[in-house]
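# Descriptive analysis of the structure
Here is what each chain is made of, one letter per residue.
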Amino acid sequence: MGKGGQNYGRSENLDSGKEPKGDFYAAWSKDTRECEEKYQVSREYGLSGDDVEKRRQIYGLNELEKHEGPSIFRLILDQFNDTLVRILLVAAVVSFVLAWYDGEEGGEMEITAFVEPLVIFLILIVNAIVGVWQENNAEKALDALKEIQSEHATVIREGRKISNLPAKELVPGDIVELRVGDKVPADMRLLSLISSTLRVEQGEEVYAFAGTTVVNGNCICLVTQTGMNTEIGKVHSQIHEAAQSEDDTPLKKKLNEFGEVLTAIIGVICTLVWLINVKYFLSWEYVDGWPRNFKFSFEKCTYYFEIAVALAVAAIPEGLPAVITTCLALGTRKMAAKNALVRRLPSVETLGCTTVICSDKTGTLTTNQMAVAKLVAMGSEANVLRSFNVQGTSYDPFDGKIQNWPVGQLDPNLQMIAKIAAICNDADVEKAGQDKSGHYVANGMPTEAALKVLVEKMGLPNELSSGPSSGYDGVLTCSYMWIKIEQRIATLEFDRDRKSMGVIVNSSAGKNSLLVKGAVETLLERSSFVQLRDGSITKLDQSLRKVILESLHEMSTSALRVLGFAYKDDLPEFATYNGDEDHPAHELLLNPANYSSIESNLVFVGLAGLRDPPRKEVPQAIEDCRTAGIRVMVITGDNKNTAEAICRDIGVFGRHENISSRSLTGKEFMELSSRDKETHLNQSGGLLFSRAEPRHKQDIVRLLKDSGEVVAMTGDGVNDAPALKLADIGIAMGIAGTEVAKEASDMVLADDNFSTIVAAVGEGRSIYNNMKAFIRYMISSNIGEVASIFLTAALGIPEGLIPVQLLWVNLVTDGPPATALGFNPPDKDIMKKPPRRSDDSLISPWILFRYLVIGSYVGIATVGIFIIWYTRSSFLGIDLSGDGHSLVTYSQLANWGQCQTWQNFTASPFTAGNQVITFDNPYWKNQGNDTLTLRAAIEMFNSLNALSEDGSLLSMPPWVNPWLLLAMSVSFGLHFLILYVPFLAQIFGIVPLSLNEWLLVLAVAFPVILIDEVLKFVGRCTSGIRTSKSRRSSKTKAE
């Protein structure tokens, strides 16, 4: 797709001979003016506000149809699509049938008989509601992220250019400016070209389709179709199924694998628990050596089956993947608040593993608030330069002035510099706000905007300053005058190979000339002459070249970004060129490979040094990276001296450090042998690659990944997309970045700030730690439940928790506190630890050992408090006999089934609160008070252990996460309800606790904190040893 370059809005015919297809308006086959008439719009003025509103009412928003997700009913059913939950459901139904059968058989239907199955049904329903809430929460969080990442467009409305208008607000008839790297936001008819050439990925000659990318050039287009009426909208429904499916993240796969193993282990344990208790529901006698007279109790068989299944449901974290997805999605929203927009959830996991950050300099390490600080022009004779200091640091043309400036007395050399800076430039500067009363902002490249501001500070020569500027109400009046005098007819777009941009202009005298700006070194290579102060031309010899390069070196070492200016009057091929595509010279403009030869034999006129100050927060961020074990590599297209000066300012290099081995140009690096490249990249500390090209970035990323590094790479241009895709974490710039770069990235920086990357790495580590905290808490609790039930079965004592109580503990302890752990603040030393390896297991041997220790204690404590209450009158000085309950020996407790045959034993009535408990049924049936309360208390204390993996509660006290304290209060409050509300206490088969029993519960529960504190201390002392062993193991695997 190509056409002769021209000014904005210039009319031209870009007709195609295609016939219209269908009965709709075929814009691609119509003349551009016909299209404007059809859509009742002018390319210069655009649509009015009223027009936009009317058309939005007709056509709706410019977005693809959002397909409905699964219904709430479907989500609820999915919660029961779990084998264990179904088994428990069957057990509850069987229990309900038994209660009904027993009631009919006894002639009396008691409501208490149905309490257990009803409570199980209720808890399963609550579990389903929680699951649906988690899935909905994750979906909403992901939708919010997609909304944040919506595309934008530059639109002309009511004669004003509006940058960054959300693409969904476009309507048919809108006039849109497309630039290289933009993603086309709607189907559009090309009206006019701003550049000499235009190429759109998969586009027609005069038509661009929504979703395609502008590969080269700039243009003005007319929106013809939006939303579902676009070509991509027509196939949207066909790709809906593919678009909806999202692969599981690596972490989720790890969790699923872990869950499968855990399910198998707990399944075996639950089966053993059931089999160990076979003697209680199945007995027989041996007659003649053969078992005879079998006695089977279906009621007791079902009861123990319910215990085994309830234990499995409580112990297996079937909701873990949904919780992790929620944690990741909510974590990414938290990161979005810090200007890091995560586009893919797996990136959150990878962020915490980042070992190398490859960062661009301009706009990321620096503010990208460009301002010219120094202007160097040619003197009256060769080897003499003039230097002018320029004041001001903003885009305000009135912010400062040029020192020692000949106001109104611009000589030909200064006039040529001003002309090139104004015309060879696509940027604009305007006042922000609807009423133009805000601060000055740049539209376009900051470098070019700074040059436009320089032109305003230079002013106009006296012979031009009185000229008319009617029809222009902007702030760049001087630039406007130069553009009016010299009309641009073609653009030779900037590319990173030749590092320059050129424009062919036609003066009022009818003569064509070429104006060029770009990197000083490359312009000097293509220049043969120099323009002196009086406008005369002299040959560029070696001595003059040396003087110019010395001036360049002086500015570069002062951290200035330097641009050179040159021109060419002798254009034999373009002498009669007027932008017409039929002109023979137009063919040369269609191929960018010709641009270097066109920009040859130039006349060099001067150079400007632009200051782009480092962001004030970057030095600390660089230091944080160093402390966190992350290396920073700066890869920039800037001059080597400028880049080195900036790197010293921000702390990548020391002020007086010898960096000869750490700073190379992209070309120098590519000339190294493979071994030398690897050695160079493996150096500790920061590295700098200057004058780097996009292909250099790809090679650097590839080599770093081959050596086992986890690489985060920043980029903003179309050519950066392959490197962003190749990196483990591709980071696109939200302000300066093209849509292509954003599409290829894993994360977008809304503020283009390096410190945001470092904050995102810290946040990624924190999110991963919080997920591990959740897993750590849940698994250790589950191990405790399994241990307690298994121990009671193995020891032959009564089960401490009936099925309803097991499910209650599971709901209360694994519910609020587990969710609240997702809000843990980062560990204080989170950015002082080296990065974890991406292949590190989710649960290390040391962490598993800790799970087993804590879980074993929870199990032993649960069984222990049960035995203590029945066999001891006091424990640790706490009197337990005050309620008058009868004590038994351990032997009697272990043979509770024969209690009715015990000699001289009666179960004395005892008091519980205001109640007096008497026993008509076997004594053991009312035993779960202390056990159930201990389970709730010990899990609350265990949740405090999960605040930090290795950090002590002294350094991470409970109040650092107020949500956890609130969750603990909710859990305890719910437990108090079932303890002290008689109706609920009857349902759960428990009675209120006395003060001494509460003291016993706290005395037995609190050691779980002390045990984990000791384990954490051991973990902190041995972390270095374990880390080095892990890294050696990983290295051996890699080799």
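It should be emphasised that the depicted structure is a prediction, and the values quoted were computed from it without experimental measurement.

Turning to the UniProt feature "transmembrane region" (unreviewed entry) in the protein chain, a few remarks are in order. Summarizing the sequence annotation, UniProt attributes the feature "transmembrane region" (unreviewed entry) to residues 83-101, 113-133, 261-282, 302-330, 774-797, 848-870, 963-992 and 998-1019 in the numbering used throughout. Annotation note: span residues 261-282, helix share 91%, strand share 5%, distance between end C-alpha atoms 31 Å. For the annotated span residues 963-992, helix accounts for 83% and strand for 0% of the residues, and the straight-line distance between the end C-alpha atoms is 28 Å.

Turning our eyes to something else, we now look at the environment of Ser886. Structurally, Ser886 is set in the loop between strand S31 (878-879) and helix H32 (890-894). Sequence separation between Ser886 and Trp869 is 17 residues, and the spatial gap between their C-alpha atoms is 9.8 Å.

Working definition: an aromatic ring pair is given by the centre-to-centre distance plus the angle between the planes. All told, the structure shown has 12 aromatic pairs when counted by the stated rule. Summarising the aromatic geometry, the rings of Phe669 and Phe689 are spaced 5.1 Å apart at their centres and angled 80° between planes, so their arrangement reads as edge-to-face. Note that Phe669 is positioned in helix H23 (residues 666-670) and Phe689 in strand S26 (residues 687-690), a separation of 20 residues in sequence. You can call Phe669 buried: its relative accessible area is 1%.

Time to look at the pattern of salt bridges. What the rule picks out here adds up to 29 salt bridges. The closest approach of N and O atoms between Lys374 and Glu554, which form a salt bridge, is 3.3 Å. Residue Lys374 is located in strand S13 (residues 371-378), and its partner Glu554 is located in helix H18 (residues 542-556); the two are separated by 180 residues in the primary sequence. Exposure remark for Glu554: the relative accessible area of 45% places this residue in the partly exposed category.

Right, let's talk about the pairing of strand S23 (residues 602-611) for a bit. Consecutive residues of a regular strand have side chains that alternate between opposite faces of the sheet. Extensive coverage of S23 is indicated by the burial of nine of its 10 residues. The pairing of strand S20 (residues 527-531) with S23 spans three bridges and is classified as parallel. Across the sheet, Val530 pairs through a bridge with Phe604, a residue of S23. As judged from the eight bridges shared by strand S22 (residues 560-568) and S23, these two strands associate in the antiparallel manner. Its bridge partner being in S23, Ala566 is matched across the sheet by Phe604.

Reading guide: rules and limits
- Residues numbered from 1 in each chain as written.
- Predicted model: local features only at pLDDT ≥ 70, side-chain atom pairs only at ≥ 80, totals over all residues.
- Heavy atoms only, no water.
- UniProt positions renumbered as here; feature names shortened; annotations may be inferred.
- Helix = DSSP H or I, 4+ residues; strand = E, 2+ residues; numbered from the N terminus.
- Phe/Tyr/Trp six-rings, centres within 6.5 Å; stacked < 30°, edge-to-face > 60°.
- Buried < 20%, exposed > 50% of the residue type's maximum accessible area, 1.4 Å probe, protein only.
- Salt bridge = Lys/Arg side-chain N within 4 Å of Asp/Glu carboxyl O.
- Pairing = 2+ DSSP bridges.

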